[in-house]
Every structure is written in C-alpha cells, then in structure tokens.
Amino acid sequence: MTAGRHFLQIPGPSNVPDRILRAMDYPTMDHRGPAFAKVGQKALEGMKAIFRTESQVVIYPSSGTGAWEAALVNTLSPGDKVLMYETGHFAMLWQKLAEKLGLVPVFIEGNWRSGADAAAIEERLRADGTHEIKAVCVVHNETSTGAVTDIAAVRRAIDAANHPALFMADTISSLGSVDYQHDEWGVDVTVSGSQKGLMLPPGLSFNAISAKAIKASEQAGLKRSYWSWDEMAGPNQTGYFPYTPATNLLYGLNEAIDMLHEEGLENVFARHKRHANAARAAVTAWGLEVLCEKPADRSPVLTAVLMPDGHSADNFRAVTLRNYDMSLGNGLSKVADRVFRIGHLGDFNDLMLIGTLSGVEMGLRDAGVPYKAGGVQAAMDALGKTGEGARAAA
Ligand SMILES: *Cc1c(COP(=O)(O)O)cnc(C)c1O
C-alpha cells in the first residue's frame, strides 16, 4: 500500500515540512563566494537564539554523534574522568564514545525509566574532593526511553557541590521542541542535531559553547582536527567555514529558524506538551504502560510504550508498517522488542497525532496485542479540553 503519505512517526528523523524542502531546492552556491556570507551568518547567529545563548555556536556537516565527539575532544585530555548518567541507550552510546577517546567515564546507573537524578550527581561530585571529574555529561531528552532531565536542576547540583567540572548536555532530540536555555542553565557545551526537533533532514550537528568551555579548549590535550572549534572560529566570524559546509542544509536551517520564530518558541513548546499529553491519554486508555515512570519526566517529543508480556514490539511495528504505511520507533538495546516509540515532534499537528494514534490502535488490533479500544477517543478528548485552553490563552 503506497498511496497517500507515509507516516514517519519515529522520534527522529522527523517529518520535514514542505517549506523546508522548498527552501533547500536551490542551486548549491560557492561557499567561498560573496553571496554565501549571508547564509552562513544567518545560520550561525540564528542558532544562538534557538540555543538561547549569546555565546558561540559551531555547525558541523555531520550526524549528532559527531557533535558528541566534538564536545569531548575540544575540552578534555586523555585520562580525564567524565561523570555520565545512564538515562538510556543514547547516554550509553555517549559513554562508549568517551571511553574510545581515552576518557574515563564514571557512569551512574539508571533503570531507563526516568531522567537523570540531580541528587545522585551531586553526591558523586561531593565525593570527588580532588576534582578528578572534568565534565558532567547528561542527555536532555533521552530518545530511547522518552524521559527528560531537568538541566537547571543538574546545574544547581554541580553548584551545590561547589565543583568546577564542565557541564555538557545532549539536546539532539529536544532542541526546537522542548524548552532549553544554554546560558540561563549554565551549560558549557550543548550538543544538538538537525533531524529531530529542528525538522531538517539528517546531516547537520551543533555545539553551543560557553566562555568557560572555550577557555578549557585552550588547555585540552585530546587530539582533534576536523572537530576543532579553533579552526571554525576565524572563518565563522564573517559567515564562512574552514571546509565545505552542507550548503543546502543551511538553506533549510535558516527556514526552520524562521518557522520556529513565526510560531513562537513558547507556542512550539506548548504544542509539543499538548500532543504528548494526548498521546499518553491514549496509551492509558489502551491499558498499556508508558516506559517513563515519573510523570514530571515524560518527554514532550516522544512516548515509549511497554508491550504486554509475551508480545513482540517489533512484530507489532512490522504489522503497522505493512498495513498502514507508518514507521514507529523500535526499542533499543536493553528494551529491544519490549517497547515501541511514538514520535510526536517537529512539524506536527492535531490531525497528524490522531492519524498516528489511529494507526497504533489498528496495529495493536491487527497484531493481536491485548488492549482496550478507545485510546484515540481519549486523545481527542484530551486535545479538546487542553486545546480550548491553549487557544484562549493565545
Ligand atoms: C538521535 C540521537 C543521537 C544520535 O544522533 P545521530 O544523528 O544519529 O548521530 C544522540 N543522542 C540523542 C539524544 C539522540 O536522540
């Protein structure tokens, strides 16, 4: 069945709006020519407003993983300890990457059902009286579990422990969808990517960098070349890059930044919360369990749903793809085949949510998963109630 639009409801890459596709549909220009400066400057300046920072932003032609590596190699030295928190699969991947670079991760284990616990981070930092830990690295929105970490609370924990470590946050799946404030929350390096909340295709990644992080980069001993912030700083001042940038993705990025401001960042964040709330109403009505146990930590961007015992999430996803042409996110590593993930992020509205949830409900039926009918109705009720309030407030 291929008529109509495919439903891409994985939590990234997200749906790319037509407006962004059109903005990219222009000839690639000379990235050293005079016309490029405007494109580069708009992207570099524009991303500061999205990160909510007055400090420096670096843009790489890479997936988000590259920006993870960039954050570490620019600021740290071989053998440095980094405190990381196991929120889920992506936190584990960042930890493995750190290990391969010759860093020594101190990993606080988690059960994959909540965001990072700031109190546990504070305790570890207090125990590190000699300040061997050089960085605290936390995933803001853990895309494998659908749990958000309170970044301001982690900042307060670092300050309460009076610890000088750098603070790094991964916002690859939250930037542009969930409230985030690089400066206000005292983050030193924020890592992000293009293909989730920013509504772009994959291929761009970002570091937002505090003055403290730039200072650390002057002493950092890890080897770096492609990822070096140093190399970027000079050309970026006039809107240029040291090597060929992803020119057409930058056209798209500038369009995405305009779209986010036209809607208003606060409205974008409220829209995501409202859709998340309605998705959760559906899951509850189906009699299924949301993976993230702490309601306050539940992600505005996606919902990970636990399958009833003895039922395969991957089989359910395969049936849903075959019967309704909808892609849902799979369970990763520890929760493989145990959960499926509904992406409700980026370029997304009420009817896309209801269409998505209808596909899930029919998929549960077709795959023989035990559930109670009425999830879609519950979501419609939730949208109606909060929607009236949201519109009245706007
Ligand atoms: C998607 C994702 C990554 C990995 O990004 P890639 O673009 O696939 O390299 C890392 N962290 C989080 C939180 C993500 O959602």
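Residues numbered from 1 in each chain as written. Predicted model: local features only at pLDDT ≥ 70, side-chain atom pairs only at ≥ 80, totals over all residues. Heavy atoms only, no water.

As for the overall build of the protein
- Check the secondary structure of the protein and you find 13 helices and 14 strands.
- The globule rule puts the C-alpha radius of gyration for 394 residues at 21 Å, and the 21 Å found for the protein is close to it.
- Buried positions account for 59% of the 394 residues belonging to the protein.
- Sequence separation of at least 24 residues holds for 73% of the intrachain contacts in the protein that already meet a minimum separation of 6.
- As displayed, the protein offers around 15,900 Å² of accessible surface, 53% of which is attributable to carbon and sulfur atoms.
- With 37 positive and 44 negative side-chain charges, the protein shows a spacing of 1 Å between the two charge centroids. (Helix = DSSP H or I, 4+ residues; strand = E, 2+ residues; numbered from the N terminus. Rg over C-alpha atoms; globule rule 2.2 N^0.38 Å. Buried < 20%, exposed > 50% of the residue type's maximum accessible area, 1.4 Å probe, protein only. Contact = heavy atoms within 4.5 Å. Areas by Shrake-Rupley, 256 points an atom, 1.4 Å probe, with all protein chains shown as cover. Lys, Arg positive; Asp, Glu negative; His and termini not counted. Charge placed at Lys NZ, Arg CZ, Asp CG, Glu CD.)

Regarding the packing of aromatic side chains
- Under the criterion given, the structure shown has nine aromatic pairs.
- Geometrically, the ring pair formed by tryptophan 68 and tryptophan 94 is stacked, given 5.8 Å between the ring centres and 10 degrees between the ring planes. One end of the pair, tryptophan 68, is in helix α3 (residues 64–75); the other, tryptophan 94, is in helix α4 (residues 89–100), and 26 residues separate them in sequence. Here the two residues tryptophan 68 and tryptophan 94 agree in accessibility, since each one is buried. (Phe/Tyr/Trp six-rings, centres within 6.5 Å; stacked < 30°, edge-to-face > 60°.)

Examining the site of the ligand
- Near the ligand there are 13 residues, and of these Ser63, Thr65, Thr143, Asp170 and Lys196 occur at the shortest range.
- Measuring from an oxygen atom of the ligand, one finds a side-chain N or O atom of threonine 143 at 2.4 Å.
- For the ligand, whose accessible area on its own is 380 Å², the fraction buried by protein is 88%.
- With three residues, the single largest contributor to the shell around the ligand is α3. (Near = heavy atom within 4 Å. Polar contact = N/O pair within 3.5 Å; in protein donor to acceptor, adjacent residues only side chain to side chain.)

Quick look at the packing of helix α5 (residues 118–126) against helix α6 (residues 151–160)
- Axis separation between α5 and α6 bottoms out at 8 Å; the angle between their running directions is 25 degrees. Classed by the angle they form, the pair α5 and α6 counts as roughly parallel. The crossing of α5 and α6 is right-handed. Contact residues: Ala118, Ile121, Glu122, Leu125 and Arg126 in α5; Ala153, Val154, Ala157, Ile158 and Ala160 in α6.
- In terms of residue class, the contact of α5 with α6 is made up of eight nonpolar, no polar and two charged. (Axes fitted to C-alpha atoms, helices over the stretch in contact; angles between N-to-C directions. Parallel < 35°, antiparallel > 145°, perpendicular 65-115°, else oblique. Left-handed = near helix turned anticlockwise from the far one by under 90°. Nonpolar A, V, L, I, M, F, W, Y, C, P; charged D, E, K, R; others polar.)

Remarks on the domain arrangement of the protein
- Its domain assignment divides the protein into domain 1 (18–261) and domain 2 (264–393).
- Taken over C-alpha atoms, the centre of domain 1 sits 28 Å from the centre of domain 2.
- Both faces considered, domain 1 and domain 2 share a buried interface measuring about 2,300 Å² in area, 59% of it formed by carbon and sulfur atoms.
- Per-residue buried area on domain 1 facing domain 2 is highest for Trp112, Arg113 and Ser177; these three make up 29% of the total on that side.
- Summed over the shared surface of domain 1 and domain 2, the number is three salt bridges.
- Glutamate 86 is paired through a salt bridge with lysine 334; the nearest N and O atoms lie 2.5 Å apart.
- On the surface where domain 1 and domain 2 come into contact, there are 13 residue pairs in polar contact (both at pLDDT 80 or more). (Domains from an automatic or database assignment. Buried area = accessible area lost by both parts, 1.4 Å probe. Salt bridge = Lys/Arg side-chain N within 4 Å of Asp/Glu carboxyl O.)

Structural notes on helix α10 (residues 265–286)
- Over its 22 residues, α10 runs 32 Å from end to end, which matches the ideal 32 Å to within 8%, given 1.5 Å per residue.
- Following α10 by one or two positions, glycine 287 adopts a phi angle in the positive range, close to 80 degrees. (Expected span 1.5 Å × (residues − 1).)

Digging into unusual backbone geometry
- Here the residue pair glycine 12 and proline 13 is connected by a cis peptide bond, since its omega of -5 degrees sits within 30 degrees of zero.
- Turning to its location among the elements, proline 13 is positioned in the loop between β1 (7–9) and α1 (18–24).
- For tryptophan 112, which is not glycine, the phi dihedral falls at a positive 70 degrees.
- The topology assignment puts tryptophan 112 in the loop between β4 (104–108) and α5.
- A relative accessible area of 3% means that tryptophan 112 is categorised as buried.
- At histidine 131, a position not held by glycine, the phi torsion is positive, near 55 degrees.
- With respect to the secondary-structure elements, histidine 131 resides in the loop between α5 and β5 (133–139).

So, the sheet that holds strand β11 (residues 289–290)
- A sheet is described by the order of its strands in space; here five strands give the open sequence β1-β13-β14-β12-β11, paired in mixed fashion. Edge positions in the open sheet fall to β1 and β11, since each of these has one partner strand only.
- For β1 and strand β13 (residues 326–330), the ladder comprises three bridges, and the chain directions are parallel. Looking at β13, one finds that leucine 8 is bridged to serine 327.
- Seen against the sheet, α10 touches β11 and β12 (302–306) and runs at an angle of roughly 10 degrees to β12. (Pairing = 2+ DSSP bridges.)

What to know about the sheet that holds strand β3 (residues 81–85)
- Pairing in this open sheet of seven strands is mixed, and the strands run β2-β10-β9-β8-β5-β3-β4 from one edge to the other. A single partner strand is all that each edge strand has here, and the edge strands are β2 (56–60) and β4. Sheet twist, expressed as the mean angle between neighbouring strand axes with direction ignored, is 20 degrees.
- Pairing between β2 and strand β10 (residues 205–209): five bridges, direction antiparallel.

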